[in-house]
Amino acid sequence: MKAVDRVTQDKDISRRWQLFALVAVIVYLLWLLAPVLMPFAIAAMLAYLGDPLADRLERLGLKRMWAATIVFVVLLVVVVGVLLLLIPMIVHQVENLISNLPRYGDWAQNVAWPWLQARLHLDPHTFDSERLLGTIKEHIGSIGGVATAVIGKVSRSGVGIAMWLTNLVLIPVVAFYLLRDWDRLVATIDGMLPRSVQPTIAHLARESDAILGAFVRGQLLVMLALGVFYGTGLGLVGLSVGLLIGMVAGLLSFVPYLGFIIGFVAAIIAALVQFGDWAHVLMVCGVFMLGQLLEGYVLVPKLVGDKIGLHPVAVIFAVLAGGYLFGFLGVLLALPAASVIVVLLRYLVERYRMSELYNDEGPADPVIAEVEVAVRADGDVAAGAQVAPAPGDRPAE
């Protein structure tokens with residue numbers, strides 16, 4: 001009997017090592033192929049976003065081919081329309097910001113630095129605005145030189161242009177085929193899983209899909225809505241760079257309060273530099289207060305809910321770690337991957353709490369047992385000392 005149990009245990013260990021080796025090989029291949037996975041990752045995200053709508057159309061009676069075609073055309077029109085609308089506006093905003101950099105420098109030198117020095121009682125030489133502005137201009141020039149060199153190199157390289165155009169064409173093509181065959185691919189992957197772990201993986205996949213659906217679809221809509229609201233509100237206030245600040249605040253809103261803080265500070269500075277009065281500052285405050293109310297009481301509860309469970313620190317770490325390990329592809333996939341990792345960690349915590357390591361009822365360590373006995377004895381003595389009457393005391397009548 002013991003020999004049979006030993007053989008079964010050895011088989012379980014061997015199977016676990018095989019699964020671990022398979023996962024390690026897949027991760028290593030993804031790391032090696034990261035430079036060429038960008039269009040496929042973007043296409044997979046687009047297909048994932050459009051799959052629920054395609055399923056709904058399919059339930060209404062359309063074939064999968066026609067449902068995928070309709071959803072693909074809608075996604076393509078939306079993406080192209082947004083790019084055609086936003087790119088000229090953002091370019092105009094960036095040009096406006098660059099042209100107004102001297103005004104921001106004068107404001108910092110003549111208003112901001114003296115105010116800080118007076119309030120904080122700092123040495124006048126603490127803030128050397130001329131040196132700071134010189135450093136900024138130097139770095140801006142170096143960035144421009146690097147960008148010029150890169151653009152020149154790409155323009156001289158037919159292979160670079162061909163790769164860029166290939167990726168641009170691959171994204172919609174791959175997105176369409178993934179959207180058309182999404183359910184079939186999921187069923188194929190499910191059929192290839194080892195039968196011993198298929199129920200567990202299927203359960204984790206359903207939980208991951210729920211979290212990803214809430215995050216990817218919901219949070220993207222929240223970011224888009226906040227970007228539009230902040231950009232429109234700051235534009236109505238009259239800020240020349242209001243759209244740019246609003247878009248940045250919306251894009252950074254996936255980290256709680258990060259987009260609000262950066263957008264609010266930038267908008268206040270822009271209002272002080274452009275107008276120099278408190279009326280426009282108060283209007284900027286009103287825009288961001290309304291934005292926070294809209295995000296906290298309408299957008300997040302309706303579109304995202306409470307299914308994600310990602311701590312803001314975990315979000316920041318995921319983005320930085322993804323960028324460090326896989327570049328822009330890692331930044332793009334950091335938050336979806338973090339959402340899946342949260343599901344896996346919850347599962348591991350549940351398994352740990354059900355394990356013998358957590359619920360072990362066996363004999364305790366002798367040293368720990370001796371300490372526990374001593375502590376209990378001391379507690380009993382202390383409790384007896386509290387209730388025992390002192391000599392000469394009479395019991396209360």
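Counting from 1, residues in each chain are numbered in the order their sequence is written. Residue-level local features of this predicted model are given only where pLDDT is at least 70; pairs of side-chain atoms are given and counted only at 80 or more, and the full residue set underlies all totals for whole chains, interfaces and linings. Side-chain descriptors were evaluated using all non-hydrogen atoms of the structure, hydrogens and water having been removed beforehand.

Draft legend 1. Structural detail: the packing of helix 2 (residues 38–59) against helix 8 (residues 198–237). Closest axis-to-axis distance for the helix 2/helix 8 pair is 11 Å, and the angle between their directions is 100°. The orientation of helix 2 relative to helix 8 falls into the category roughly perpendicular. For the pair helix 2 and helix 8, contact is made by Y48, L49 and P52 and by D209, L212, G213, V216, R217 and L220, respectively. Residues are grouped as follows: Ala, Val, Leu, Ile, Met, Phe, Trp, Tyr, Cys and Pro are nonpolar; Asp, Glu, Lys and Arg are charged; all remaining types, including Gly, are polar. Among the residues making up the contact of helix 2 with helix 8, the classes are represented as six nonpolar, one polar and two charged. For helices, the fitted axis covers only the stretch in contact; all axes are lines through C-alpha atoms, and the angles between them, taken along N-to-C directions, range from 0 to 180 degrees. Secondary structure follows DSSP: runs of H or I at least 4 residues long count as helices, runs of E at least 2 residues long count as strands, and numbering of each begins at the N terminus. Roughly parallel refers to an angle under 35 degrees, roughly antiparallel to one over 145, roughly perpendicular to one between 65 and 115, and oblique to any angle outside these ranges. The contact criterion used throughout is that any non-hydrogen atoms of two residues lie within 4.5 Å.

Draft legend 2. Representation of the side chain of E295 within the structure. Mapping E295 onto the fold places it in helix 11 (residues 278–304). Residue classification places E295 among the buried positions, given a relative accessible area of 14%. A polar side-chain atom of E295 sits 3.2 Å from a polar atom in the side chain of Q292. Excluding its chain neighbours within four sequence positions, the residues that come into contact with E295 are L226, S253, V300 and P301. Three exposure classes are used, based on accessible area relative to the maximum for each residue type with a 1.4 Å probe and protein chains only: buried under 20%, partly exposed in between, and exposed over 50%. Distance and chemistry together define a polar contact, namely a pair of N or O atoms within 3.5 Å, with one atom able to donate a hydrogen and the other to accept it when in protein, and with adjacent residues in sequence counting only for side-chain atoms on both sides.

Draft legend 3. Structural context of the nonpolar core. Residues grouped as a nonpolar core are buried Ala, Val, Leu, Ile, Met, Phe, Trp, Tyr and Cys residues, joined through side-chain atoms within 4.5 Å. Residues L234, L239, A267 and V284 are the most contacted members of the largest nonpolar core, which totals 24 residues. Counting only elements with at least two residues in this core, the list comes to helix 4 (101–120), helix 8, helix 9 (242–251), helix 10 (258–274) and helix 11. Excluding its chain neighbours within four sequence positions, the residues that come into contact with V284 are L234, V237, L239, A267, I268 and A271. One finds A68, V71, V255 and L335 within the second-largest nonpolar core, a separate group that totals 20 residues.

Draft legend 4. Highlighting the environment of W182. Assignment of secondary structure puts W182 in helix 7 (residues 182–192). Considered as a pair, W182 and A54 are 128 residues apart in the sequence and their alpha carbons are 9.9 Å apart. Once residues within four sequence positions are removed from consideration, W182 is found in contact with A44, A47, Y48, D51 and R64.

Draft legend 5. Layout of the packing of aromatic side chains. Between the rings of Phe, Tyr and Trp (Trp by its six-membered ring), a pair exists once the centres lie within 6.5 Å; its type follows the angle of the planes, with under 30 degrees stacked, over 60 edge-to-face, and the other angles tilted. Taken as a whole, this structure holds eight aromatic pairs when the rule is applied. Here the aromatic rings of F72 and F176 are separated by 5.4 Å at their centres, their planes lie at 70°, and the arrangement is edge-to-face. On the criterion of sequence distance, the pair formed by F72 in helix 3 (residues 64–99) and F176 in helix 6 (residues 158–180) is long-range, its members being 104 residues apart. Judged on exposure class, the residue F72 and its partner F176 are both buried. Between F260 and F288 the ring centres are 6.0 Å apart and the planes differ by 70°, which places this aromatic pair in the edge-to-face class.

Draft legend 6. Here's a closer look at the confidence of the model for the protein. Values of pLDDT, the confidence the predictor places in each residue, fall between 0 and 100. Mean pLDDT over the protein works out to 75, with 74% of the residues at or above the 70 mark. Least confident of the elements in the protein is helix 15 (residues 366–387), whose mean pLDDT is 48; most confident is helix 10, at 89. Across residues 141–148, confidence stays below pLDDT 50; counting only partners more than four residues off in sequence or on other chains, it has zero contacts. Low pLDDT, under 50, characterises residues 362–369; the stretch is placed with zero contacts to residues that sit more than four places away or in other chains.

Draft legend 7. Quick peek at the packing of helix 3 against helix 9. Contact pair helix 3 / helix 9: the axes reach a minimum separation of 8 Å and the direction vectors enclose 115°. Classified by the interaxial angle, the pair formed by helix 3 and helix 9 is roughly perpendicular. Here the hand of the crossing between helix 3 and helix 9 comes out left-handed. Of the residues in helix 9, those in contact with L86, M89, I90, Q93, V94 and L97 of helix 3 are G242, L243, L244 and M247. When the residues that make up the contact of helix 3 with helix 9 are grouped by side-chain class, the tally is eight nonpolar, two polar and no charged. Take the far helix as your reference; a near helix turned counterclockwise from it by less than a right angle gives a left-handed crossing, and one turned clockwise gives a right-handed crossing.

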